[in-house]
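# Fold and geometry: a report
The lines below spell out each chain.
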Amino acid sequence: MDSKSYQDHFFKKAKIEGYKSRSAYKLIELNEKFHFLKNGIKLLDVGSFPGGWCQVARKKIKKGMILGIDIKKIDSIEGVKFIEADFLEHNTKKIVLDYFKSNIDVILSDMAPNTTGNKSLDCIRTNELCLDILDFSKKTLNKNGTLVSKLFMGEDFEKIKTKAKQYFKKIDFFKPSSSRGESRETYIHCSRLCNNI
Ligand SMILES: C[S@@+](CC[C@H](N)C(=O)[O-])C[C@H]1O[C@@H](n2cnc3c(N)ncnc32)[C@H](O)[C@@H]1O
């Protein structure tokens, strides 16, 4: 299958299976590899529009808390709370902390800015979001919590890797097969916060 047919395949599959986006399959693959979606957990999904990842999370988390955040308005999903806000703003982070009231078990970020067509700039802007979520996770995750974040291979990749290694005992990179082959997108999975931070 060529890359285009492959994407069409996931697009059609999402329509048939009732997912709001084909991105849903990326989270399914990530969870099949790392097993972080568990019933009863507190989960934050940042950059969640149109809601595919929240749908996948909700299937696994019947009891627990799921909070989705995006700049864009998201149609409701039963069992998921949404906030329409810019995650980079300090006040949004405060709202998140007030909502969960204690540490979070899993933080997901599929955040991506609107593409400009300038590959280098798009890479820098996406990776800035990844660096931001790494800092937020360090402060708010449970010691045994998990962070999964999108990033782009390119500028700032080494910076992300260094920071992640500073904060977490275990880090892995994984590109789901449902992520376009030609895209520089990949995901970092971080677990077990270091004690000394
Ligand atoms: C690839 S989409 C996410 C798809 C989603 N995971 C799903 O399964 O449907 C990336 C999203 O990140 C959001 N985003 C980008 N920057 C953001 C920010 N600073 N705060 C909140 N959301 C942001 C965009 O609005 C966009 O909807």
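Heads up: these notes are all about the structure in this document.

What counts, and at which threshold
- Residues numbered from 1 in each chain as written.
- Predicted model: local features only at pLDDT ≥ 70, side-chain atom pairs only at ≥ 80, totals over all residues.
- Heavy atoms only, no water.
- Near = heavy atom within 4 Å.
- Polar contact = N/O pair within 3.5 Å; in protein donor to acceptor, adjacent residues only side chain to side chain.
- Areas by Shrake-Rupley, 256 points an atom, 1.4 Å probe, with all protein chains shown as cover.
- Nonpolar A, V, L, I, M, F, W, Y, C, P; charged D, E, K, R; others polar.
- Core = buried A, V, L, I, M, F, W, Y, C linked by side-chain atoms within 4.5 Å.
- Buried < 20%, exposed > 50% of the residue type's maximum accessible area, 1.4 Å probe, protein only.
- Helix = DSSP H or I, 4+ residues; strand = E, 2+ residues; numbered from the N terminus.
- Contact = heavy atoms within 4.5 Å.
- Disulfide = S-S within 2.5 Å.
- Salt bridge = Lys/Arg side-chain N within 4 Å of Asp/Glu carboxyl O.

### Overview of the site of the ligand
In the vicinity of the ligand there are 19 residues, among which Ser-21, Trp-53, Asp-70, Asp-86 and Asp-110 approach most closely. At 3.2 Å, a backbone N or O of Gly-51 approaches an oxygen atom of the ligand. Between a nitrogen atom of the ligand and a main-chain N or O atom of Phe-87, the distance comes to 2.9 Å. Notes on the ligand: free accessible area 610 Å², of which the protein chains cover 89%. A class-by-class count of the residues in the shell around the ligand yields nine nonpolar, six polar and four charged.

### Some remarks on the nonpolar core
Residues Leu-44, Phe-87, Val-96 and Phe-168 are the most contacted members of the largest nonpolar core, which totals 30 residues. Ranked by residues supplied to this core, first place goes to helix H5 (residues 119-140) with six residues. The contact partners of Phe-168, leaving out residues within four places of it in the chain, are Leu-134, Ser-137, Leu-141, Leu-147, Cys-190, Ser-191, Arg-192, Leu-193 and Cys-194. Counting residues in hydrophobic clusters, the runner-up holds 27 residues, among them Phe-10, Tyr-19, Phe-34 and Val-56.

### Details of the state of the cysteines
A full pass over the atoms with the stated rule returns zero disulfides. Distance from the sulfur of Cys-123, which forms no disulfide, to the nearest cysteine sulfur (Cys-130) is 11 Å.

### Topic: the environment of Tyr-187
Secondary-structure assignment places Tyr-187 in strand S7 (residues 185-193). Here Tyr-187 falls in the buried class, since its relative accessible area comes to 0%. Look past the residues within four positions of Tyr-187 in its chain and what remains in contact with it is Lys-26, Leu-30, Trp-53, Asp-110, Val-148, Ser-149, Lys-150, Leu-151, Asp-172, Phe-173, Phe-174 and Pro-176. Within the structure, the side chain of Tyr-187 is placed 2.7 Å from the side chain of Asp-110, a separation counted as a polar contact.

### Points about the pattern of salt bridges
When the charged atoms of two side chains lie near each other, side chains of opposite charge can form a pair. Here the structure, examined in full by the defined rule, presents ten salt bridges. In this structure, Glu-78 and Arg-58 form a salt bridge, with 2.9 Å as the shortest nitrogen-oxygen distance. Within this pair, whereas Glu-78 is found in the loop between strand S2 (65-70) and strand S3 (81-84), its partner Arg-58 is found in helix H3 (residues 52-60), the two being separated by 20 residues in sequence. For Glu-78, a relative accessible area of 61% puts it in the exposed group. For Lys-150, the salt bridge is made with Asp-110, and the minimal N-O distance between the two is 2.9 Å. A residue pair is termed long-range when its members are at least 10 positions apart, and Lys-150 in strand S5 (residues 141-152) and Asp-110 in the loop between strand S4 (104-109) and H5 qualify at 40 residues. The same class applies to Lys-150 as to Asp-110, namely buried.

Just distances and angles here, no functional claims.
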